[in-house]
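Given next are the chains, with one letter for each unit.
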Amino acid sequence: MAEHFSLMIHGGAGALEHIRREGSEAGFMQSLKVILQDGRQLLEKGGTALDAVEYCAARLEDDPLYNAGRGSVLNEYGEVEMDAAIMDGQDLAAGAVAAITSIKNPIALARCVLDQSEHVMLIGKGAKEFAKLCNLPAMPDDYFVVESRVRQWREAQKTGGMMLDHEDAGPQRKLGTIGAVARDLKGNLAAATSTGGIVNKRWGRVGDSPIIGAGVFADNQTCAVSATGYGEQFQRTVLSKMIADFVYFKQMTAQEAATAGIEYLVEKVNGLGGVIVIDRQGYCAVGHSTSGMIYGWIERSGELCCKLA
Ligand code: GLY
């Protein structure tokens, strides 16, 4: 057994001034801290990286502070449609769901796709039917919809535009999406990403979060990556795989690869967003082209740290 584990989670990227102004900074920090503490316990006991990222992502989905699960942003019809994916770095097994409704934890459904189907991605009604076979809990629509998202959606409807989560009062507000990456005591890597997507998005729009290689990627030989930001830009640059490729082909460290990935995102498509990365040695890294990002980490069994930076 390797002697240490690592865990990183994120709760979105963007301009975070409004969070500080509204005084909700402490709430985010507390939420990240508690989830990381529980994630630490799971990994310390020998839990797998795959279980740890699913567990942390589900906890982030349950917290209405974040744009995933409960608290997701609303589409053009005022409905919640969610995307999620999970990947196991041991064998590149992956599960993803897109444009799903009702399922309490989309990441749990993505895990069922990985474990119990021969497919990588299920969408819409078929995914919901599969959730029933997996005995996953469904919730009424109003469970997912929180007041702040309704206000935000009304603003977007007025202007007729799509917005990135809390974009309403500025060009670069917080971009939602949550994610987790982990390395377990055996040295296995895993990654998970989950989101409600973009405010007032077109019905049926799918972002980067459930696309393997775009919003999520894990390979024991390189690193585990979870992304947040403008999904179309991450899809077009296949950014999470790009970061793994920097590690594989250029022998970059996690931090060098995260930085190079974000540079590539900006250079190619003027992209807006961020990534968290853990490499096979357990080193943690972050990169973002937004002015801020919400994240926390435990590197190589060390101290728990949280940041709204
Ligand atoms: N990154 C989340 C989305 O664009 O849907």
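Our subject is the structure listed above.
What counts and how
- Residues numbered from 1 in each chain as written.
- Predicted model: local features only at pLDDT ≥ 70, side-chain atom pairs only at ≥ 80, totals over all residues.
- Heavy atoms only, no water.
- Helix = DSSP H or I, 4+ residues; strand = E, 2+ residues; numbered from the N terminus.
- Rg over C-alpha atoms; globule rule 2.2 N^0.38 Å.
- Buried < 20%, exposed > 50% of the residue type's maximum accessible area, 1.4 Å probe, protein only.
- Contact = heavy atoms within 4.5 Å.
- Areas by Shrake-Rupley, 256 points an atom, 1.4 Å probe, with all protein chains shown as cover.
- Lys, Arg positive; Asp, Glu negative; His and termini not counted.
- Charge placed at Lys NZ, Arg CZ, Asp CG, Glu CD.
- Phe/Tyr/Trp six-rings, centres within 6.5 Å; stacked < 30°, edge-to-face > 60°.
- Pairing = 2+ DSSP bridges.
- Axes fitted to C-alpha atoms, helices over the stretch in contact; angles between N-to-C directions.
- Expected span 1.5 Å × (residues − 1).
- Arc of directions from axis to C-beta.
- Polar contact = N/O pair within 3.5 Å; in protein donor to acceptor, adjacent residues only side chain to side chain.
- Salt bridge = Lys/Arg side-chain N within 4 Å of Asp/Glu carboxyl O.

### Description of the overall build of the protein chain
For the protein chain, the helix and strand inventory stands at 10 helices and 12 strands. Taking 19 Å as the expected radius of gyration for a compact globule of 309 residues, we find that the protein chain reaches 17 Å, a close match to that expectation. Each principal axis of the C-alpha atoms in the protein chain carries an extent, and together these give about 55 × 45 × 35 Å. Residues counted as buried form 60% of the 309 residues belonging to the protein chain. Long-range contacts, defined here as pairs at least 24 residues apart, represent 70% of the contacts in the protein chain between residues at least 6 apart. Accessible area of the protein chain: about 12,200 Å², with a carbon and sulfur share of 50%. Of the side chains in the protein chain, 30 bear a positive and 38 a negative charge, and the two mean positions are spaced by 2 Å.

### A short note on the packing of aromatic side chains
Overall, the coordinates contain 5 aromatic pairs when judged by the stated rule. Where Phe28 meets Tyr66, the ring centres are 5.5 Å apart and the plane angle is 75 degrees; that geometry is what we call edge-to-face. One end of the pair, Phe28, is in helix 2 (residues 25-44); the other, Tyr66, is in the loop between helix 3 (49-62) and strand 2 (82-88), and 38 residues separate them in sequence. Both residues of the pair, Phe28 and Tyr66, belong to the buried class.

### What to know about the sheet that holds strand 1 (residues 6-14)
One open sheet accounts for 8 strands, arranged 4-3-2-6-5-1-11-12; its pairing is mixed. Pairing within the sheet leaves two strands with one partner each, and these edge strands are strand 4 (121-123) and strand 12 (304-308). Looking at each pair of strands side by side, their axes are set apart by 5 degrees on average, direction ignored. Inspection of the sheet shows strand 2 paired to strand 3 (residues 93-100) by 6 bridges, in the antiparallel sense. Of the residues in strand 3, the one forming a bridge with Asp88 is Ala93. In the packing of helix 2 onto the sheet, contacts are made with strand 1, strand 5 (178-183), strand 11 (292-298) and strand 12, and the angle to strand 12 comes to roughly 150 degrees. In this fold helix 5 (residues 124-133) packs onto strand 3 and strand 4, with an angle of close to 105 degrees to the strand it touches most, strand 4.

### A look at helix 7 (residues 147-159)
The end-to-end C-alpha distance of helix 7, which contains 13 residues, comes to 19 Å, matching closely the 18 Å that a straight helix rising 1.5 Å per residue would cover. Here helix 7 has its buried residues at Arg149, Val150, Gln152, Trp153 and Ala156. Each buried residue of helix 7 lies within a common arc of 165 degrees when the element is viewed along its axis, so the set occupies one face. Those residues of helix 7 that are exposed and angled more than 90 degrees off the buried face are Glu147, Arg151, Lys158 and Thr159.

### Observations regarding the sheet that holds strand 8 (residues 223-229)
A sheet is described by the order of its strands in space; here 4 strands give the open sequence 7-8-9-10, paired in antiparallel fashion. Two strands close off the open sheet at either side, each with one partner strand: strand 7 (216-218) and strand 10 (284-288). Between one strand axis and the next, the sheet turns by 10 degrees as a mean value, whatever way the strands run. Strands in contact with helix 9 (residues 239-250) are strand 7, strand 8 and strand 9 (273-279); relative to strand 8, the strand with the most contacts, it is inclined by about 145 degrees. Along the sheet, helix 10 (residues 254-269) contacts strand 9 and strand 10; its crossing angle with strand 10, the most-contacted strand, is approximately 15 degrees.

### Re the side chain of Arg40
With respect to the helices and strands, Arg40 occurs in helix 2. There is a polar contact of 2.7 Å between the side chain of Arg40 and the backbone oxygen of Gly302.

### Describing the pattern of salt bridges
What the rule picks out here adds up to 10 salt bridges. The shortest N-O distance in the salt bridge between Glu44 and Arg40 comes to 3.9 Å. Of this pair, Glu44 and Arg40 both sit in helix 2, 4 residues apart, which is roughly one turn of the helix. A residue is classified by how much of its surface remains accessible, and Glu44, at 45% relative accessible area, is partly exposed. For Arg40, a relative accessible area of 18% puts it in the buried group. Between Asp62 and Lys104 there is a salt bridge whose closest N-O contact spans 3.2 Å. Remark: Lys104 occurs in the loop between strand 3 and helix 4 (106-116) and Asp62 occurs in helix 3; sequence separation between them is 42 residues.

### Here we look at unusual backbone geometry
At Ala99, a position not held by glycine, the phi torsion is positive, near 55 degrees. Examined against the element boundaries, Ala99 turns out to sit in strand 3. Look at Ala99 and you get buried, because its relative accessible area is 16%.

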